[in-house]
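Observations on the three-dimensional arrangement
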Amino acid sequence: MDTVLDAKIPEGPLADKWDNHRFSMKLVNPANKRKYRVIVVGTGLAGASAAATMGELGYHVDVFTYHDSPRRAHSIAAQGGINAAKNYQGDGDSIFRLFYDTIKGGDYRSREANVYRLAQVSNEIIDQAAAQGVPFAREYGGTLDNRSFGGAQVSRTFYARGQTGQQLLIGAYSALMRQVAAGSVTMHTRSEMLEVVKKDGRAVGIVTRDLATGEVEAHSAHAVVLATGGYSNVYYLSTNAMYCNATAAWRAHREGAYFANPSYTQIHPTCIPSSDEFQSKLTLMSESLRNDGRIWVPKNPDENRPAGDIPAEDRDYFLERKYPAFGNLVPRDVASRNAKTVVDEGRGVGDLKNGVYLDFSDSIDRLGADTIEERYGNLFEMYERITDENPYKEPMRIFPAPHYTMGGLWVDYNLQTTVPGLFAIGEANFSDHGANRLGASALMQGLADGYFVLPYTIGDYLADWLNTEPVGTDDESFSAALGAVSDRTEMWLSKNGTRTVDWFHRELGKIVWDHCGMERSAEGLEKALSEIPALREEFYADVRVPGSGDTINSSLEKAGRVADFFELAELMCRDALDRNESCGGHFRVESQTEEGEALRDDENYTHVSAYEWGDSGPTLHKEELEFENVTLTQRSYK
């Protein structure tokens, strides 16, 4: 057991840990909460819900977003739904089953205590959202509806058509803006966090840059919360918005926050395939479509008939064939690898042969087009706008793409990083999903952390700082951070090379996708670890950053973000090389079963890999995972 990493997991039975922990933590009484300042960076579901809840509790909260409105946070892009163990369908669901499905879906590489707490508070999230007016789909009688998602054999996913993330964010945004109006929360828009400030080893504030004016400012608080999302844009082509980046988390890492499991990245199986190499992003089609769509490819690699003319006997419904128990609803990592396999065999569809079919013809015949439109109409419309193909009449074409990142800043049970006073919530931390996130669990974790976990646990830290003022922004620690940001800005603006930032980002993404994407091998990872430093050296020598620093300058913004992606990409590959096993989304070709499934090595790798920053290279620390309530077995969805 690494003595540096104390997960602070409570004692006692699994079902009692969270309740016992809440009772044993130090509290801050309502009057004293007004004496504290808390910074929240990020206004997606995790950040908006945390800021709103802490503002309601009485804390003075400063919340930062690089958008012009919190409603532009990437959480709006989540489509299919949010999981909870309500068991409204009466099909055998329970808190323990949600816990078990999440542990198994993550290939037994996550903490039992954190995952069980997530399952416990999931039901409270639905009550909270429904009370806010989130328009969840309902049955004819008025009760909330549920649908199935990958990795589960029960219906536990609550949804608002294909706009669940947007509707949940509107709810959190409404709660947030109520606190802004009440004066307990101060909103800072178009502000990008570029440094975490530490004094005496603890986080005391941040440094930001105004994206419109270029003004660099220091902000002080008793605690800092990062809710800044994941890092899939390291691949350049991903389902993330182009603005998404890893700079806030990476700056925290460089200041001492350990980065955990960076190689755990999720490739989502249902995305619109790329049409050429100059695309700047990929579009996600909700996993919920796998409820009624059947995935297949032609059996014959030379098939050239239109999809509708290919008879059933000439189609390979490969997921249904290989996984009869789960069929098209296997977890994302399994569905993605199998889609890649059939495309690699030459049976891909579309002009570039780079996709598989997602076919709704059977469901339309069985349920009627009106029912399918009611469930997925906005998704079908989006697909047709992008591809000029009507999915009511011909199958969608899909292929896996980088989507979610299970790795992130290491946090303990209280969601605190290895830097005291610095917390990470939502996708920015590593805590709940292990090596593979189940569909509809991202929204669940973000809102669980923001509404129901952090507001309790942050008080345990703050209680020790009662009646102390935040460190002044005139302190030397802030002056040093301000100087570092200004120096980096001047350095980037002095770059007058021949290549754009986007060119280098695209080239980096190709390396990471080829060698640290759906499949990883020792040979490929070692190649990446030689190519990434060489490309980074070229980046610093030949990148061009036009414009000035006192106005909107997207090239300047991107330069800093891509520089951080270079360092993160190298750590991803180092971690993937070190973890000589397959688990979930981390698939080493040297470690697979005879049937091509991920083969874990529980004897040597049942741990969290947490990396400490060092100028001469990262230091690996291990948090050993203990499983007292589930038995580690080879995952099977057959």
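Quick caveat, the model's predicted, so the values are computed rather than measured.

Quick word on the overall build of the protein
Broken down by element type, the protein carries 17 helices and 19 strands. Taking 2.2 N^0.38 as the reference for a compact globule, 638 residues should give roughly 26 Å; the C-alpha atoms of the protein span a radius of gyration of 24 Å, in line with that estimate. Taken across its 638 residues, the protein has 60% of its residues classed as buried. Restricting to contacts in the protein with at least 6 residues of sequence separation, those with at least 24 account for 74%. Only carbon and sulfur atoms are counted for the fraction: they give 46% of the accessible area of the protein, which is about 24,000 Å².

Details of helix 3 (residues 45-57)
With 13 residues, helix 3 should cover 18 Å at 1.5 Å per step; its first-to-last C-alpha distance of 18 Å lies within 8% of that length. Among the 13 residues of helix 3, 11 are classified as buried, and the element is accordingly described as predominantly covered. The inward-facing, buried residues of helix 3 abut strand 1 (37-41), strand 2 (60-64), helix 6 (164-182), strand 5 (185-188), strand 9 (223-226) and helix 12 (442-462). The first or second residue beyond helix 3 is Gly58, which carries a positive phi of 120 degrees.

As for the pairing of strand 2
Counting buried positions over the five residues of strand 2 gives four, a clear majority of the element. The pairing of strand 1 with strand 2 spans five bridges and is classified as parallel. Note that in strand 2 the partner of Val40 across the bridge is Val63. Between the parallel pair strand 1 and strand 2, the chain is carried across by helix 3, and the sense of this crossover is right-handed.

Details of the state of the cysteines
The final tally for this structure, using the stated rule, is zero disulfides. No disulfide involves Cys244; its sulfur sits 14 Å from that of Cys271, the nearest cysteine.

As for the domain arrangement of the protein
Each assigned domain of the protein is listed here: domain 1 (36-266 + 404-465), domain 2 (268-402) and domain 3 (476-606). Once you take the C-alpha centre of each, domain 1 and domain 2 turn out to be 30 Å apart. Taken together, the contact between domain 1 and domain 2 spans 28 residues of the former and 30 residues of the latter. Taken over both partners, the interface formed by domain 1 and domain 2 buries close to 2,400 Å², and the fraction arising from carbon and sulfur atoms is 53%. Its largest share of buried area at the contact with domain 2, domain 1 owes to Gln79, Leu237 and Thr239, together 25% of the area lost on that side. Joining domain 1 to domain 2, the criterion identifies zero salt bridges. Taken together, the links from domain 1 to domain 2 amount to 13 residue pairs in polar contact (both at pLDDT 80 or more). Looking at side-chain class alone, the side of domain 1 that touches domain 2 contains 10 nonpolar, 15 polar and three charged residues.

Thoughts on the sheet that holds strand 14 (residues 356-359)
With antiparallel pairing, the five strands of this open sheet are ordered in space as 11-15-14-12-13. Since the sheet does not close on itself, it has two edges, and those belong to strand 11 (265-271) and strand 13 (315-316), each with one partner. Summarising the sheet, strand 14 and strand 15 (residues 396-405) pair through three bridges and their orientation is antiparallel. Within the sheet, the bridge partner assigned to Leu358 lies in strand 15 and is Met396.

With respect to the sheet that holds strand 16 (residues 408-409)
One open sheet holds the four strands; their spatial order is 16-10-18-19, and the pairing between them is antiparallel. Edge positions in the open sheet fall to strand 16 and strand 19 (619-624), since each of these has one partner strand only. In terms of strand pairing, strand 18 (residues 607-612) meets strand 19 through six bridges, oriented antiparallel. Bridging across to strand 19, Ser609 finds its partner in Lys622. Contacting strand 10 (259-260), strand 18 and strand 19, helix 16 (residues 554-578) runs over the sheet at an angle of about 145 degrees to strand 18.

Brief notes about the pairing of strand 12 (residues 294-298)
Looking along a regular strand, one sees side chains alternate from face to face of the sheet. Along strand 12, four of the five residues are buried, which leaves the element largely enclosed by surrounding structure. When strand 12 meets strand 14, the two strands line up antiparallel, connected through three bridges. Bridged to Trp296 within strand 14 is Tyr357. As defined by bridge partners, strand 12 adjoins strand 13 across two bridges and the pair is classed as antiparallel. For Pro298, the partnering residue across the bridge sits in strand 13 and is Arg315.

Concerning the pattern of salt bridges
Counted under the stated rule, the structure contains 49 salt bridges. Between Arg561 and Glu192 there is a salt bridge, with its nearest N and O atoms 2.8 Å apart. A residue pair is termed long-range when its members are at least 10 positions apart, and Arg561 in helix 16 and Glu192 in strand 6 (residues 191-199) qualify at 369 residues. For the residue pair Arg561 and Glu192, the accessibility class agrees, reading buried in each case.

Focus on the nonpolar core
Soluble, globular proteins show a tendency: their nonpolar side chains are buried together. With 124 residues, the main nonpolar core has Met54, Ile82 and Ile458 as its most contacted residues. With 12 residues, helix 16 is the single largest residue contributor to this core. Per-domain counts for this core show at least three residues from each of domain 1 (36-266 + 404-465) and domain 3 (476-606).

Conventions and cut-offs
- Residues numbered from 1 in each chain as written.
- Predicted model: local features only at pLDDT ≥ 70, side-chain atom pairs only at ≥ 80, totals over all residues.
- Heavy atoms only, no water.
- Helix = DSSP H or I, 4+ residues; strand = E, 2+ residues; numbered from the N terminus.
- Rg over C-alpha atoms; globule rule 2.2 N^0.38 Å.
- Buried < 20%, exposed > 50% of the residue type's maximum accessible area, 1.4 Å probe, protein only.
- Contact = heavy atoms within 4.5 Å.
- Areas by Shrake-Rupley, 256 points an atom, 1.4 Å probe, with all protein chains shown as cover.
- Expected span 1.5 Å × (residues − 1).
- Pairing = 2+ DSSP bridges.
- Right-handed = clockwise from strand over helix to strand, strands pointing away.
- Disulfide = S-S within 2.5 Å.
- Domains from an automatic or database assignment.
- Buried area = accessible area lost by both parts, 1.4 Å probe.
- Salt bridge = Lys/Arg side-chain N within 4 Å of Asp/Glu carboxyl O.
- Polar contact = N/O pair within 3.5 Å; in protein donor to acceptor, adjacent residues only side chain to side chain.
- Nonpolar A, V, L, I, M, F, W, Y, C, P; charged D, E, K, R; others polar.
- Axes fitted to C-alpha atoms, helices over the stretch in contact; angles between N-to-C directions.
- Core = buried A, V, L, I, M, F, W, Y, C linked by side-chain atoms within 4.5 Å.

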